[in-house]
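Observations on chain architecture
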Amino acid sequence: TQLLEQSPQFLSIQEGENLTVYCNSSSVFSSLQWYRQEPGEGPVLLVTVVTGGEVKKLKRLTFQFGDARKDSSLHITAAQPGDTGLYLCAGDEAGTALIFGKGTTLSVSS
Amino acid sequence: NAGVMQNPRHLVRRRGQEARLRCSPMKGHSHVYWYRQLPEEGLKFMVYLQKENIIDESGMPKERFSAEFPKEGPSILRIQQVVRGDSAAYFCASSPPIRGALKNEQFFGPGTRLTVL
């Protein structure tokens, strides 16, 4: 079974700081998705990366897929309190089930 | 709003009762997935269905749990004779019938929080 390790597990920063969240696996995924989940709600899809080395930007968020398609990172520039939430990465296993990491809980205080 | 719908949002059952969770996929989506999220754990895959077919149920417990996605109506996840360990958030996700190469984008509903007393 493929596993996804996310780090750090918890992150508490001040508004305006930059941060990077990591998602690592020993296995190769055909695609990887990042979600953000708020308490009491379902995960909301942020981005899907498919090609090794791919970089995608979503406003202040930058997502990168590792060259070997085993790892990914999410970088947030100038974090804001509205970025607070649980960030989840999920790897595509053969086009059916997504394998989820346990997530990084981000808290941004003003 | 054509998002994934789940109901009820909250469900309380006593041990031994049955729980029925419903999921209506996004408009135009024909693939449905069910996941379970336990406290302090990540989302775990349970079952993958297409209309009238179970494609992959490798993540679903063999006993007490069943799922269906009929030709008409929502997908149903049924848990019979619930136990306290079934308390969790259950999420449904859907994806479109034709997906681009190497993509498996899944869109999630708001979840059903099941509490077993």
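The structure we're discussing is the one just above.
Residues numbered from 1 in each chain as written. Chains lettered and ligands numbered in written order. Predicted model: local features only at pLDDT ≥ 70, side-chain atom pairs only at ≥ 80, totals over all residues. Heavy atoms only, no water.

1. A few points about the overall build of chain B
Quick reminder of the rule: Each helix is a run of H or I in the DSSP string that is no shorter than four residues. Each strand is a run of E no shorter than two, and both are numbered from the N terminus. All radius of gyration figures rest on C-alpha atoms, and the globule criterion is 2.2 Å times the number of residues raised to 0.38. Only protein chains enter the accessibility calculation, which uses a 1.4 Å probe; a residue whose area is less than 20% of its type maximum is buried, one above 50% is exposed, and one in between is partly exposed. Values of accessible area rely on a 1.4 Å probe in the Shrake-Rupley scheme; residue burial ignores everything except the protein chains shown. Just so you know, the count uses Lys and Arg for positive and Asp and Glu for negative, and it drops His and the chain ends. By convention, charge coordinates are those of NZ in Lys, CZ in Arg, CG in Asp, or CD in Glu.
Counting its regular elements, chain B contains zero helices and 11 strands. Overall, chain B shows an N-to-C arrangement of helices and strands of β-β-β-β-β-β-β-β-β-β-β. For a compact globule of 117 residues, the expected C-alpha radius of gyration is about 13 Å, and chain B comes in at 14 Å, within 12% of that figure. Each principal axis of the C-alpha distribution contributes one length, and for chain B these read about 45 × 30 × 30 Å. Every one of the 117 residues in chain B was classed for burial, and the buried ones make up 42%. Total accessible area on chain B stands at roughly 6100 Å², and carbon and sulfur atoms take up 49% of it. Positive and negative charge centroids in chain B, built from 18 and 11 side chains respectively, lie 5 Å apart.

2. Concerning the overall build of chain A
The cut-off we apply is this: Whether two residues touch is decided by their heavy atoms; if any such pair falls within 4.5 Å, the residues are in contact.
For chain A, the helix and strand inventory stands at zero helices and 11 strands. N-terminal to C-terminal, the α/β element order of chain A is β-β-β-β-β-β-β-β-β-β-β. Taking 2.2 N^0.38 as the reference for a compact globule, 110 residues should give roughly 13 Å; the C-alpha atoms of chain A span a radius of gyration of 13 Å, in line with that estimate. Reported as C-alpha extents along the three principal axes, the dimensions of chain A are approximately 40 × 30 × 20 Å. Residue burial in chain A is summarised as follows: out of 110 residues, 50% are buried. Considering only contacts in chain A between residues 6 or more positions apart, those separated by 24 or more positions represent 52%. Averaged over its 8 positive side-chain charges, chain A has a centre that lies 4 Å from the centre of its 11 negative ones.

3. Focus: the state of the cysteines
Worth spelling out the cut-off: Note that a disulfide, as used here, is simply two cysteine sulfur atoms within 2.5 Å.
Summed over all chains, the structure comprises two disulfides over all chains. Disulfide pairing is shown between Cys23(A) and Cys89(A); the S-S distance is 2.0 Å. Since a negative S-S torsion denotes a left-handed disulfide, the Cys23(A)-Cys89(A) link at about 80° is right-handed. Of the two residues, Cys23(A) is situated in strand E3 (residues 19-24) and Cys89(A) in strand E9 (residues 85-92); the sequence distance between them amounts to 66 residues. Owing to a relative accessible area of 0%, Cys23(A) belongs among the buried residues under this scheme. The residue that forms a disulfide with Cys23(B) is Cys92(B), at a sulfur-sulfur distance of 1.8 Å. In this structure, the disulfide formed by Cys23(B) and Cys92(B) twists by about -50° around the S-S bond and is classed as left-handed. Taken together, the residues span a long stretch of sequence, with Cys23(B) in strand E3 (residues 19-24) and Cys92(B) in strand E9 (residues 88-95) at a distance of 69 residues. The buried category is assigned to Cys92(B), whose relative accessible area is 0%.

4. As for the pattern of salt bridges
For the record, the criterion: Salt bridge, as applied in this entry: a Lys or Arg side-chain nitrogen positioned within 4 Å of an Asp or Glu carboxyl oxygen.
Per the stated rule, a full pass over the model turns up seven salt bridges over all chains. In this structure, Lys56(A) and Glu54(A) form a salt bridge, with 3.7 Å as the shortest nitrogen-oxygen distance. We classify Glu54(A) as buried; its relative accessible area is 18%. What emerges from the salt-bridge pattern is a single network uniting Glu18(B), Arg20(B) and Arg78(B).

5. Focus: the nonpolar core
The cut-off we apply is this: Only buried residues count toward a nonpolar core, which is a set of Ala, Val, Leu, Ile, Met, Phe, Trp, Tyr and Cys residues joined through side-chain atoms within 4.5 Å.
One finds Trp34(B), Met46(B), Leu77(B) and Tyr90(B) to be the most contacted residues of the largest nonpolar core, which totals 22 residues. If you list the elements that add at least two residues to this core, you get E3, strand E4 (31-37), strand E5 (43-50), strand E7 (65-68), strand E8 (75-79), E9 and strand E11 (112-116) of chain B. Excluding anything up to four places from it in sequence, Tyr90(B) contacts Gln6(B), Leu21(B), Tyr35(B), Arg36(B), Met46(B), Phe65(B), Leu77(B), Ile79(B), Gly111(B), Thr112(B) and Leu114(B). Of all hydrophobic cores here, the second largest spans 21 residues; its members include Leu4(A), Cys23(A), Val47(A) and Phe65(A).

6. Looking at the sheet that holds strand E1 (residues 5-7) of chain A
Where strands meet in a sheet, backbone hydrogen bonds hold them as pairs that are either parallel or antiparallel. Residues and elements named next belong to chain A. Keep this limit in mind: Pairing between two strands is assigned when DSSP locates at least 2 bridges connecting them. Helix axes are fitted only over the stretch in contact, all axes being lines through C-alpha atoms; the angle between N-to-C directions runs from 0 to 180 degrees.
Across the sheet, five strands lie side by side as E1-E3-E8-E7-E6; this open sheet has antiparallel pairing. On the outer flanks of this sheet lie E1 and strand E6 (55-58), each paired with one strand and no other. The average angle at which neighbouring strand axes cross in this sheet is 15°, direction not considered. Pairing of E1 with E3, which is carried by three bridges, proceeds in the antiparallel orientation. By the bridge assignment, glutamate 5 is partnered in E3 with asparagine 24.

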